[in-house]
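Results of the structural survey
Okay, here's what each chain looks like letter by letter:
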Amino acid sequence: MTTVNAPKINEYKEATRVERVGAQSHIRGLGLDGDLEPRNISQGMVGQKKARKAAGIILNTIRAGKIAGRSILIAGQPGTGKTAIAMGIAKALGNDIPFTAMAGSEIFSLQMSKTESLTQAFRRSIGVRIKEETEIVEGEVVEIEIDKSATSGAKTGKITLKTTEMETIYDLGAKMIESITKEKISSGDVITIDKVSGRISKLGRSFAKASEFDALGPQTRHVQCPEGEIEKRKEVVHTVTLHEIDVINSRQKGFLDLFSGDTGEIDPEIRDQIDSKVAEWKEEGKADIVPGVLFIDEVHMLDIECFSFLNRALESDKAPIVILATNRGITNIRGTNYKGPHGLPIDLLDRCLIIQTEPYNEAEIRSILEIRCEEEDVEMTEEAKEVLTKIGVDTTLRYSIQLITTANLVAQKRKSNEVDVEDVRRVYSMFIDHVRSTQYLRDHQAEYMFDEYQKQTQKMQVE
Amino acid sequence: MQSQNNQYLQFVGKPHISAVIAGGRRRVNYTFEDKSELVEEYDINNHELITRKWKRVSNIKESQWVYEVGEAPIDQQSELKLSNTNPIFVRKDTPQHFQYRVRNLTYPEDVYQMEVDEKTQEIVIRTTNKKYYKRFSIPDMRRANLKLEQGKVTHVYKNNTLIVSYPKPDQILEREYQIRQEFDKFNKKKPKEGDLECVQQ
């Protein structure tokens, strides 16, 4: 273990802010072209063309914003891209349209009733676009100074901003320093900081600094140095969700509760007041209602009470588009003694458009693995990819994806930058998939604790 | 955060007014129909206006006090705060003038330029070395619908402080005189800390 290199690696990581890679982080959109035709491999999505095309049509329905309260059910076997499609829709919609993702089980909370959870989820998915005056700080960056205290490790910093008429120095708090480092703000950038929300936007680079030799990205814009005062009030278009407005109005310290996450039940009277106020704003032209998307994964976990609630809620004219996903077949409908397709009652299914996802073929699995390798920053030889694809076909897609980073760690241990077949074989033998696990259990059942079979044999021996 | 030029600092309908003695000062609370508030603090003895602050109620975010006269308390926890090396702009009137002081200005005297922007009804402080710039209006004048006049702005620079003055027009002097009379009447009752007073306006 070489400790000499360790400090350097830490510094590098801080400078570029490596973020943890999630299971769906490679999805950037639905990968459709102008005519809504899905490209085979695009924006992180592979294959699954029928489902993606259907999703594209839904996307346009959402964007048009004219039709409320549609529901879509994405159904398919495990590992067929249901959550990925929902992610694709979310990314394609962008930041302006509220997208709330939740799992069916999240409804069951000790702090609030199921209907309250669902109502909050619905209201989180309806946005109100308001023009607001906020205080902003706008100027060209003259210099940024960030110091790290030797004793406490806490960071302090100063930033000097200027306009054509004046200069000001600001002291920076820890979060601001983080944002500045993340956005890679440097001298010569023209930036805006929203004083209330703390958000920083880079407007571009100052013309005055254009002559210097900087390695500029392709999207760099050049702008004028701002004029006048650094602190201004500007009108900004702001999208808040109905839920946020509910919370702020429901109690004194409501605003702070938004961050602590503890909102509890909200009085329905307040909700009515908010609804009428928002309708008023709409009439006066002060605000726009933006219905967004509510995505409920594992929807078979909801019970019959929730389903009845959903039926009713979908009928409101402000309802968001609801996307449900499940991998169950004909299953018990929770809260009843009946079975239903996908674990949902037929009257809810009737309100849904159903998109089916199918298992991937070998070529598609190969492409997905290649995309994940890139996303997880892993180099792999062609042969290793072949073997991994075969594993994916024989076992499951998810299992083979999980082998990518583990095989990479094994490869690094033998000081190689590239994953080869032997590494894949090694992790394949170290970590078993559920098929082999089940087989193993069948063979060695007797050796496990609390085994029924064992008890029976013991009983027989005693007798 | 000092006052800015917009409806934020206007009266909305007839306010409910109450006054109380608090912290050694006379505090007058105005509550308006839309639930926004105005708080003024006067010195008990000479009735000088020490603070005036407004709060507008917003449905979508936390409301904050905006200080028209006097200094807002500095939020030490704020992520972005003005470094204490910057000039500080404060309003503190004298009986005859609206007065604004900018402390911590270290540039030479001849650098400062004052003018009235008649279009936006603001006073502008410029510096020829492009280090300090400030635009501000006088809300009292706005509320009384009086116009700022070029040439009436005067300034003095000493002790690293720039003092900008604008004379109060008769209409405003009248009103302030009336307020002082009213407060003198209250003072005759020898008020103590916590006393509530009835105010008519």
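Everything below is about the structure printed above this text.
Because the structure is predicted, anything quoted here is derived from the model rather than measured.

Further remarks concern the overall build of chain A. For chain A, the helix and strand inventory stands at 16 helices and 19 strands. A separation threshold of at least 6 residues defines the contact pool for chain A, and within that pool the share at least 24 residues apart is 66%.

Next up on the list: the pattern of salt bridges. All names here are of chain A. One pass over the structure, following the stated rule, counts 51 salt bridges over all chains. Between Arg271 and Glu116 there is a salt bridge whose closest N-O contact spans 3.1 Å. Note that Arg271 is positioned in helix H8 (residues 268-284) and Glu116 in helix H4 (residues 114-124), a separation of 155 residues in sequence. A single burial state applies to Arg271 and to Glu116, both of which are buried. Lys286 serves as the salt-bridge partner of Glu284, at 3.6 Å between the closest nitrogen and oxygen. Relative accessible area serves as the criterion here: at 46%, Lys286 is assigned to the partly exposed category.

Moving on, we get to the packing of helix H12 (residues 382-394) of chain A against helix H14 (residues 421-430) of chain A. Residue and element names in this part refer to chain A. For the pair H12 and H14, interaxial distance at closest approach is 8 Å and the crossing angle is 30°. With respect to their mutual orientation, H12 and H14 come out roughly parallel. The segment H12 lies against H14, with Glu383, Ala384, Val387, Leu388 and Ile391 engaging Val421, Val424 and Tyr428. Grouping the constituent residues of the contact of H12 with H14 by class yields seven nonpolar, no polar and one charged.

All names here are of chain A. Although it is not a glycine, Glu298 adopts a positive phi angle of roughly 50°. With respect to the secondary-structure elements, Glu298 resides in the loop between strand E13 (293-297) and helix H9 (304-313). Phi is positive for Lys415, close to 60°, though the residue is something other than glycine. Looking at the secondary structure, you find Lys415 in the loop between helix H13 (397-413) and strand E19 (418-419).

The next point concerns the side chain of Thr80(A). All names here are of chain A. Inspection of the secondary structure assignment puts Thr80 in the loop between strand E3 (71-76) and helix H3 (82-93). Using a relative accessible area of 1% as the deciding quantity, one classes Thr80 as buried. Excluding its chain neighbours within four sequence positions, the residues that come into contact with Thr80 are Gln48, Thr357, Glu358, Pro359 and Tyr360.

The subject of this paragraph is the sheet that holds strand E7 (residues 88-91) of chain B. Residues and elements named next belong to chain B. Read across the open sheet, the four strands follow the order E7-E8-E13-E12; overall the sheet is antiparallel. Strands at the two margins of the open sheet, each flanked by one partner only, are E7 and strand E12 (154-158). The sheet shows a mean angle of 20° between the axes of neighbouring strands, direction not considered. Direction of pairing for E7 relative to strand E8 (residues 97-103): antiparallel, over a ladder of four bridges. Residue pairing for E8: Val90 is matched across the bridge by Arg101.

The next point concerns the interface of chain A and chain B. Counting residues at the interface gives 34 residues for chain A and 25 residues for chain B. When the two sides are added together, the surface that chain A and chain B hide from each other amounts to roughly 2,800 Å², 53% of it contributed by carbon and sulfur. Taken as a group, Glu165(A), Asp171(A) and Glu229(A) account for 23% of the area that chain A buries against chain B, more than any other trio of residues on that side. Its salt-bridge partner being Glu165(A), residue Lys130(B) comes within 3.4 Å of it at the nearest N-O pair. For the pair chain A and chain B, the interface holds six residue pairs in polar contact (both at pLDDT 80 or more).

Now for the packing of aromatic side chains. All names here are of chain B. Per the counting criterion, the structure on display carries nine aromatic pairs over all chains. With centroids separated by 5.6 Å and ring planes inclined at 25°, the aromatic side chains of Phe89 and Tyr100 adopt a geometry described as stacked. Residue Phe89 is found in strand E7, and its partner Tyr100 is found in strand E8; the two are separated by eleven residues along the sequence. The pair Phe89 / Tyr100 is uniform in exposure class, with both members buried. Between the aromatic rings of Phe183 and Phe186, the centroid separation amounts to 6.5 Å while the plane-to-plane angle is 35°, which identifies the pairing as tilted. One end of the pair is Phe183 and the other is Phe186, both in helix H2 (residues 170-188) and three residues apart, which spans about a single turn. Phe186 shares its class with Phe183; the two are buried. Here the aromatic residues Tyr42, Phe183 and Phe186 are joined through ring pairs into a cluster of three or more. When the ring centre of Trp65 is taken as reference, the NZ or CZ atom of Lys53 above it lies at 4.7 Å.

Okay, the sheet that holds strand E4 (residues 99-103) of chain A next. Residues and elements named next belong to chain A. If you trace the five strands from one edge of the open sheet to the other, you get E4-E13-E14-E3-E17, paired in parallel fashion. Strands at the two margins of the open sheet, each flanked by one partner only, are E4 and strand E17 (352-357). Each neighbouring strand pair of the sheet contributes to a mean axis angle of 20°, computed without reference to strand direction. Here five bridges tie E4 to E13, and the two strands are oriented parallel to one another. Pairing of Thr100 across the sheet is with Leu294, part of E13. Here helix H2 (residues 49-64) sits on the sheet and contacts E3, E13, strand E14 (321-326) and E17; the angle it forms with E17, its principal contact strand, is near 145°.

Residue and element names in this part refer to chain B. Of note, Arg56 is situated in the loop between strand E4 (49-55) and strand E5 (65-69). The class for Arg56 is buried, based on a relative accessible area of 17%. It is 6.6 Å that separates the C-alpha atoms of Arg56 and Glu37, two residues lying 19 residues apart in sequence.

So, about a nonpolar patch on the surface. Residue and element names in this part refer to chain A. Together, Tyr440, Leu441 and Tyr448 make up a nonpolar patch on the protein surface, roughly 280 Å² of accessible area in all. Here Tyr448 shows up in the loop between helix H15 (434-444) and helix H16 (452-462). Classification of Tyr448 as partly exposed rests on a relative accessible area of 39%.

With that out of the way, let us pick up the packing of helix H6 (residues 242-250) of chain A against H8(A). Residues and elements named next belong to chain A. Look at H6 against H8: their axes get within 10 Å of each other, and the N-to-C directions meet at 120°. On the basis of the axis angle, H6 is oblique to H8. Like other packed secondary-structure pairs, H6 and H8 cross with a definite hand, here right-handed. On H8, the residues touching Leu242, Ile245, Asp246, Asn249 and Ser250 of H6 are Ile270, Arg271, Ile274, Asp275 and Val278. Residues that form the contact of H6 with H8 fall into these classes: five nonpolar, two polar and three charged.

The next subject is a negative patch on the surface. All names here are of chain A. A grouping of Glu374, Asp377, Glu379, Glu383 and Glu418 is seen on the molecular surface, where their side chains present a negatively charged patch. Here Asp377 lies in the loop between helix H11 (362-375) and strand E18 (379-380). By relative accessible area, Asp377 is classed as exposed at 69%.

Here five bridges tie E12(B) to strand E13 (residues 161-167) of chain B, and the two strands are oriented antiparallel to one another. Looking at E13(B), one finds that Val156(B) is bridged to Ile163(B).

The rules behind each value
- Residues numbered from 1 in each chain as written.
- Chains lettered and ligands numbered in written order.
- Predicted model: local features only at pLDDT ≥ 70, side-chain atom pairs only at ≥ 80, totals over all residues.
- Heavy atoms only, no water.
- Helix = DSSP H or I, 4+ residues; strand = E, 2+ residues; numbered from the N terminus.
- Contact = heavy atoms within 4.5 Å.
- Salt bridge = Lys/Arg side-chain N within 4 Å of Asp/Glu carboxyl O.
- Buried < 20%, exposed > 50% of the residue type's maximum accessible area, 1.4 Å probe, protein only.
- Axes fitted to C-alpha atoms, helices over the stretch in contact; angles between N-to-C directions.
- Parallel < 35°, antiparallel > 145°, perpendicular 65-115°, else oblique.
- Nonpolar A, V, L, I, M, F, W, Y, C, P; charged D, E, K, R; others polar.
- Pairing = 2+ DSSP bridges.
- Buried area = accessible area lost by both parts, 1.4 Å probe.
- Polar contact = N/O pair within 3.5 Å; in protein donor to acceptor, adjacent residues only side chain to side chain.
- Phe/Tyr/Trp six-rings, centres within 6.5 Å; stacked < 30°, edge-to-face > 60°.
- Lys NZ or Arg CZ within 6 Å of the ring centre and 35° of its normal.
- Patch = residues over 30% accessible without salt bridge, like charges linked within 9 Å, V, L, I, M, F, W, Y side chains within 5 Å.
- Areas by Shrake-Rupley, 256 points an atom, 1.4 Å probe, with all protein chains shown as cover.
- Left-handed = near helix turned anticlockwise from the far one by under 90°.
- Lys, Arg positive; Asp, Glu negative; His and termini not counted.
- Charge placed at Lys NZ, Arg CZ, Asp CG, Glu CD.

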